[in-house]
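# Descriptive analysis of the structure
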Amino acid sequence: MWSSRIEEQLTDADREALERAERDLGGVFGDGRVPVPELRDRLDQMMTASGLPDDVTVTELSAGGVPALRVEAPVVDHTAAIVWLHGGGYVIGSAHGYRAMAAAVSAASGHPVVVPDYRRAPEHPYPAALEDAQAVMGWAAQTYGDRWVLAGDSAGGGLTTASLMRARDAGMPMPAAAILVSPLADLTASGASFDTHAAEDVAISRRSVKQLAFAYLGGHDPRDPHVSPVFGTYDRMPPTLIMASDREVLLDDARTLHAAVQHNGSRSTLSIYAGVCHAWTMFASYMPRAQRAVAEIAAFVDAALGVTRREANDA
């Protein structure tokens with residue numbers, strides 16, 4: 001149970017990549033008044049602009065009844081997998097848009113990455129996304145036993161955390177580990193970092209979180225831990241890696257989750273990266289520190305699945 005921090009000294013390549021990423025994000029969100037269908041198109045276009053390596057395989061599948069894509073780099077271990085719940089504030093984002101990011105994680109980890117197309121608001125408000133995530137978790141447990149990891153970025157990180165709590169309380173099988181990148185875990189937007197980093201975060205603001213909450217919740221209580229996991233309890237959780245940027249408004253969401261997991265006796269690692277933006281793993285095609293984050297994710301997955309293998313051999 002520890003915290004780490006990536007060194008703050010930035011190279012010219014780091015600065016240039018950050019500027020490009022923030023420019024790309026600014027092109028998606030514009031003035032904050034872009035209609036949802038256009039937002040969806042813009043985000044997918046941004047995330048698919050780099051294309052996919054020729055040796056990456058993308059397969060459509062049904063994960064417990066939820067449409068999904070399995071993304072595989074060459075020479076992967078098919079006995080284990082990473083399930084990645086995409087970001088987008090429960091409103092935008094898609095498995096199609098996340099193919100390149102999933103390919104980077106698959107290449108680094110040596111495992112297929114399954115990206116579900118869970119239902120999005122406002123067409124499908126809470127609890128649709130959570131129900132889909134539960135169905136996918138059941139499928140993953142049936143398919144991979146205990147050799148799978150549940151992960152997500154931004155809203156997908158919040159959904160990952162809520163899904164783990166609900167699965168624990170229902171006595172469902174749990175993954176070997178969990179990974180949260182820039183988790184959106186407080187739809188009340190109460191963290192102090194919403195103020196301290198308001199001028200630096202081009203992707204998210206208190207106003208945008210309130211708008212997303214309105215679309216997703218449909219009048220549901222925003223303090224419910226199943227939509228705002230910072231208000232939950234974290235006993236009997238799998239080992240968790242939490243990653244955040246030191247300049248994003250969701251930094252306190254990450255810190256609060258890390259402290260809560262440790263307080264409740266579960267294992268958590270918090271990695272705070274300097275010189276990156278919100279959900280920077282999206283930019284692994286050109287951002288050096290995104291590539292380093294993907295490498296850290298892969299090492300964490302290796303450790304989690306290695307423990308599972310040893311325990312299985314000892315049983």
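Placed above this text is the structure.
These lines cover the structure that appears in this document, whether it is placed above or below. (Residues numbered from 1 in each chain as written. Predicted model: local features only at pLDDT ≥ 70, side-chain atom pairs only at ≥ 80, totals over all residues. Heavy atoms only, no water.)

## Observations concerning the nonpolar core
Counting 110 residues, the largest nonpolar core has Trp84, Ile179, Tyr216, Trp280, Phe283, Met287 and Ile297 as its most contacted members. With nine residues, the top contributor of residues to this core is helix α4 (residues 128-144). The contacts of Met287, once residues within four sequence positions are left out, are Ala17, Leu18, Ala21, Val276, Cys277 and Trp280. (Core = buried A, V, L, I, M, F, W, Y, C linked by side-chain atoms within 4.5 Å. Buried < 20%, exposed > 50% of the residue type's maximum accessible area, 1.4 Å probe, protein only. Helix = DSSP H or I, 4+ residues; strand = E, 2+ residues; numbered from the N terminus. Contact = heavy atoms within 4.5 Å.)

## Focus: unusual backbone geometry
The amide bond that connects Ala121 to the next residue, Pro122, takes the cis arrangement and shows omega of 0°. Here Pro122 lies in the loop between β5 (113-116) and α4. Tyr126 connects to Pro127 through a cis peptide bond whose omega is 10°. Within the secondary structure, Pro127 is located in the loop between β5 and α4. A positive phi angle, near 65°, is found at Tyr90, a position not held by glycine. Looking at the secondary structure, you find Tyr90 in the loop between β4 (81-85) and α3 (99-109).

## Let's talk about the layout of surface pockets
Estimated volume of the largest pocket: approximately 660 Å³. If you go around the largest pocket, you meet 34 residues; those closest to its centre are Phe29, Leu39, Ala203, Ser208 and Leu212. Listing elements by their share of the lining of the largest pocket, those giving two or more residues are α1 (12-29), α2 (36-48) and α7 (206-217). In terms of residues, the lining of the largest pocket owes the most to one element, α7, which gives six residues. The residue makeup of the lining of the largest pocket, split by class, is 19 nonpolar, 10 polar and five charged. (1 Å grid on protein atoms, 1.4 Å probe; cavity = no way out; pocket = protein on both sides within 12 Å on 5 of 7 lines; lining within 4 Å. Points joined across faces, edges and corners; volume = space filled by probe spheres on them. Nonpolar A, V, L, I, M, F, W, Y, C, P; charged D, E, K, R; others polar.)

## A few points about the side chain of Arg168
Relative to the helices and strands, Arg168 is located in helix α5 (residues 155-170). Each residue touching Arg168, except ones within four places of it in the same chain, is listed here: Met174, Thr233, Tyr234, Asp235, Arg236 and Met237.

## Some remarks on the packing of α1 against α2
Across the interface, α1 lies against α2 with an axial gap of 8 Å and an inter-helix angle of 155°. On the basis of their axis angle, the class for α1 and α2 is roughly antiparallel. For α1 against α2, the interelement crossing comes out right-handed. Two secondary-structure elements touch here, α1 through Asp24, Leu25, Gly27, Val28 and Phe29 and α2 through Leu39, Arg42, Leu43 and Met46. (Axes fitted to C-alpha atoms, helices over the stretch in contact; angles between N-to-C directions. Parallel < 35°, antiparallel > 145°, perpendicular 65-115°, else oblique. Left-handed = near helix turned anticlockwise from the far one by under 90°.)

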